[in-house]
Amino acid sequence: MAEIETFLAGVQEHMPSLQITHEPEALRDYTIDGILPRLVVAPDNKEQAAQVTALVSQHGLTLLARGGGSRMNLGGIPEQVDVILETQRMTRLLEHEAPDLTCHVEAGITFATLQAHLASKGQWVALDPPDAGQATLGGIVASNASGPKRLRYGTARDLVIGLHVVQASGEIARSGGRVVKNVAGYDLNKLYIGSLGTLGIIVEANLKLQPLPPDERTLLLTFASAQEATQTVIALLGSLLTPSAIELIDAGAASDMSDFFGLNLPTEGYTLAVNFEGTSSAIDRSLDETRLIARKAGALMGDDLAGKEQAQLWQAVREHTRGSVTCKVAILVTQLAAYLETISRVCRAHRLEAAVIGHAGNGILYVELRPGDATPRLVEAIAELRRHAQEARGSLVVERCPVELKRRINVWGEPGSDFYLMQRLKQQFDAQGTFVKGRFVGGL
């Protein structure tokens with residue numbers, strides 16, 4: 001307790017304007033997997049964030065960065081959380097070089113706010129993660145969050161061209177640059193992206209932008225079997241077509257989306273939502289060719305969505321990846337049909353239900369398992385589903401689950417043969433263990 005009091009006194013002396021939360025009632029809102037932080041600070045800029053981090057390190061405390069809080073449940077249970085550094089006061093769009101299709105922005109800005117700023121100049125960051133209204137840019141980059149349109153545009157690793165990161169010592173490191181073709185030196189950006197703040201706190205980012213597409217539409221296709229749906233996905237990927245997203249929706253997810261979002265989706269078989277962007281004439285041609293490909297696999301033609309209906313569908317798709325017990329499975333596209341059958345078989349064996357949404361063109365499935373309180377059955381089912389994913393040369397990560405279940409499983413799975421490199425990187429970047437341990441792979 002003495003360390004935290006000394007730290008608090010130092011913060012108040014050197015940064016009297018810093019916003020600090022230490023009342024027990026207010027701290028409950030920042031609980032992570034049952035772990036209550038001892039203090040929350042909200043710096044105004046990267047310099048204050050660096051000062052806070054340096055003081056945390058000097059006093060032997062632990063620090064965890066937090067943006068909007070939408071991804072704080074990701075990963076394992078943290079060992080100890082002394083100080084949470086909240087970035088939500090760092091919300092400036094520092095530069096927008098519209099002719100160069102780049103921008104420089106503070107990490108605490110919400111993704112929806114950033115997109116609104118850029119849209120006024122006809123541009124956007126080509127990411128579509130869930131919770132855009134709550135999630136901050138820093139949180140999205142730190143967790144490498146993405147959405148259905150990663151098929152065309154990639155993830156944050158493809159769009160971030162530079163970062164400012166506060167290191168454990170309190171120094172501000174800069175990686176990458178402000179131009180798209182930046183090839184000098186090691187690509188340190190990719191070390192920080194997806195590392196959940198275990199190597200440093202992302203405080204600013206330089207991003208590559210895209211022009212807003214003039215139009216977009218989504219075609220719905222329904223198939224009797226997973227095999228037929230997968231054949232169509234493979235055929236689309238092998239064609240000259242360039243869909244922005246190919247989303248697979250199973251009967252369970254379709255039923256949820258009909259009940260909770262008011263969407264009229266088939267609740268039998270499998271639905272593919274195929275999205276195209278571009279000019280109206282180009283989209284018309286792409287949709288016609290997609291229909292020809294789908295008919296060969298026995299598809300039933302559904303609606304051609306645009307405007308509000310289309311936006312509602314994709315919003316529902318993104319939000320459905322955030323169920324109470326959600327596993328993210330990454331496998332080869334050619335293995336999708338077999339794995340979907342495995343999910344059904346495992347759920348029947350363990351008396352569970354599943355609802356599946358998938359970025360089919362990328363081989364990524366989000367599997368929601370129910371009921372969420374059937375802990376012993378869930379433990380067995382997740383172990384079996386992970387084994388089958390690994391046998392198919394893939395992986396399974398539990399992205400969301402109750403704390404009781406998280407205590408009984410390894411949400412990441414066993415570390416791979418490259419884990420020793422990860423340990424050495426952690427030791428090099430954070431030898432003292434300033435950044436909270438326990439959440440990342442292998443407890444890093």
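Overview of the structure. In this text the structure is predicted, and so the values were computed from the model without any measurement.

**Focus: the pairing of strand E12 (residues 215–223)**
Argument step 1. Counting buried positions over the nine residues of E12 gives seven, a clear majority of the element.
Argument step 2. The sheet contact formed by E12 and strand E14 (residues 270–278) spans nine bridges and is antiparallel. Along E14, the bridge assignment pairs leucine 220 with alanine 273.
Argument step 3. Where E12 lies against strand E15 (residues 300–305), four bridges are found, and the strand directions are antiparallel. The partner of threonine 218 across the bridge, within E15, is leucine 305.

**Things to note about the environment of glycine 68**
Argument step 1. Take glycine 68: it is sitting in the loop between strand E3 (63–66) and strand E4 (83–86).
Argument step 2. With residues near it in sequence (within four places) discarded, glycine 68 still touches Gln88, Gln134 and Thr136.

**Describing helix H4 (residues 111–119)**
Argument step 1. Taken residue by residue, H4 has Phe111, Leu114, Gln115 and Leu118 as its buried positions. Axial view of H4: buried residues confined to an arc of 100 degrees, hence all on one face.
Argument step 2. Structurally, H4 contributes buried residues whose contacts are with strand E5 (93–97), strand E6 (102–106), strand E7 (123–124), helix H5 (137–143) and strand E10 (201–208).

**Section: the pattern of salt bridges**
Argument step 1. Applying the stated criterion to the full structure yields 23 salt bridges.
Argument step 2. Its salt-bridge partner being glutamate 86, residue arginine 66 comes within 3.2 Å of it at the nearest N-O pair. Remark: glutamate 86 occurs in strand E4 and arginine 66 occurs in strand E3; sequence separation between them is 20 residues.
Argument step 3. A salt bridge links glutamate 399 to arginine 71, with the shortest nitrogen-to-oxygen separation between them at 3.9 Å. Placement of glutamate 399 in strand E19 (residues 395–400) and of arginine 71 in the loop between E3 and E4 is noted, with a sequence separation of 328 residues between them. One exposure class covers both glutamate 399 and arginine 71, and it is buried.
Argument step 4. The network of salt bridges with common partners includes Asp215, Arg217, Asp284, Asp288, Arg291 and Asp304.

**Concerning the nonpolar core**
Argument step 1. In this structure, Leu272, Tyr339, Ile343, Leu365, Leu369 and Leu396 are the most contacted members of the largest nonpolar core, which totals 60 residues.
Argument step 2. It is helix H13 (residues 336–349) that provides the largest number of residues to this core, a total of seven residues.
Argument step 3. With near-sequence residues (within four places) excluded, isoleucine 343 lies in contact with Ala354, Val356, Leu365, Val367 and Leu385.
Argument step 4. Residues Val105, Ile140, Ala142 and Ala156 belong to the second largest nonpolar core, which totals 32 residues.

**Some points on the side chain of arginine 217**
Argument step 1. Considering the arrangement of structural elements, one finds arginine 217 in strand E12.
Argument step 2. The buried category is assigned to arginine 217, whose relative accessible area is 12%.
Argument step 3. Looking at arginine 217, its side chain comes within polar contact range of the side chain of aspartate 284, at 2.2 Å.
Argument step 4. In contact with arginine 217, not counting residues within four places along its chain, are Val274, Asn275, Phe276, Ser280, Ile283, Asp284, Leu287, Asp304, Leu305, Ala306 and Gln310.

**Describing the packing of aromatic side chains**
Argument step 1. Considering all chains together, one arrives at three aromatic pairs under this definition.
Argument step 2. Both rings, one in tryptophan 124 and one in tyrosine 153, keep their centres 5.3 Å apart while their planes meet at 85 degrees; by these two values the pair is edge-to-face. Placement of tryptophan 124 in strand E7 and of tyrosine 153 in helix H6 (residues 150–153) is noted, with a sequence separation of 29 residues between them. Tyrosine 153 shares its class with tryptophan 124; the two are buried.
Argument step 3. Between tyrosine 192 and phenylalanine 429, the aromatic rings sit 6.0 Å apart at their centres with planes inclined by 85 degrees, giving edge-to-face as the arrangement. Highlighted residues: tyrosine 192 in helix H8 (residues 189–192) and phenylalanine 429 in helix H16 (residues 419–429), separated in sequence by 237 residues.

**Describing the layout of surface pockets**
Argument step 1. Volume-wise, the second largest pocket comes out at about 570 Å³.
Argument step 2. Ranked by the residues each element gives to the lining of the second largest pocket, the list is headed by helix H12 (residues 307–319), at seven residues.

**Brief notes about the state of the cysteines**
Argument step 1. Considering all chains together, one arrives at zero disulfides under this definition.
Argument step 2. In this structure cysteine 401 is not part of a disulfide, and its nearest cysteine sulfur, from cysteine 327, lies 8.2 Å away.

**Quick look at empty space enclosed by the protein**
Argument step 1. Under the definition given, this model contains two cavities of 30 Å³ or more.
Argument step 2. In this structure, the largest cavity encloses a volume near 300 Å³.
Argument step 3. Every residue lining the largest cavity is counted, 24 residues in all, and those nearest its centre are Ala65, Gly67, Gly138, Gly139 and Ala142.
Argument step 4. At the level of secondary structure, the elements contributing two or more residues to the lining of the largest cavity comprise E3, H5 and E10.
Argument step 5. The element contributing the most residues to the lining of the largest cavity is H5, with five residues.
Argument step 6. Its residues assigned to classes, the lining of the largest cavity shows ten nonpolar, eleven polar and three charged.
Argument step 7. Computed from the structure, the second largest cavity encloses a volume of approximately 50 Å³.

Cut-offs used in this document
- Residues numbered from 1 in each chain as written.
- Predicted model: local features only at pLDDT ≥ 70, side-chain atom pairs only at ≥ 80, totals over all residues.
- Heavy atoms only, no water.
- Buried < 20%, exposed > 50% of the residue type's maximum accessible area, 1.4 Å probe, protein only.
- Helix = DSSP H or I, 4+ residues; strand = E, 2+ residues; numbered from the N terminus.
- Pairing = 2+ DSSP bridges.
- Contact = heavy atoms within 4.5 Å.
- Arc of directions from axis to C-beta.
- Salt bridge = Lys/Arg side-chain N within 4 Å of Asp/Glu carboxyl O.
- Core = buried A, V, L, I, M, F, W, Y, C linked by side-chain atoms within 4.5 Å.
- Polar contact = N/O pair within 3.5 Å; in protein donor to acceptor, adjacent residues only side chain to side chain.
- Phe/Tyr/Trp six-rings, centres within 6.5 Å; stacked < 30°, edge-to-face > 60°.
- 1 Å grid on protein atoms, 1.4 Å probe; cavity = no way out; pocket = protein on both sides within 12 Å on 5 of 7 lines; lining within 4 Å.
- Points joined across faces, edges and corners; volume = space filled by probe spheres on them.
- Disulfide = S-S within 2.5 Å.
- Nonpolar A, V, L, I, M, F, W, Y, C, P; charged D, E, K, R; others polar.

Read these as layout, nothing more, since geometry by itself doesn't imply function.
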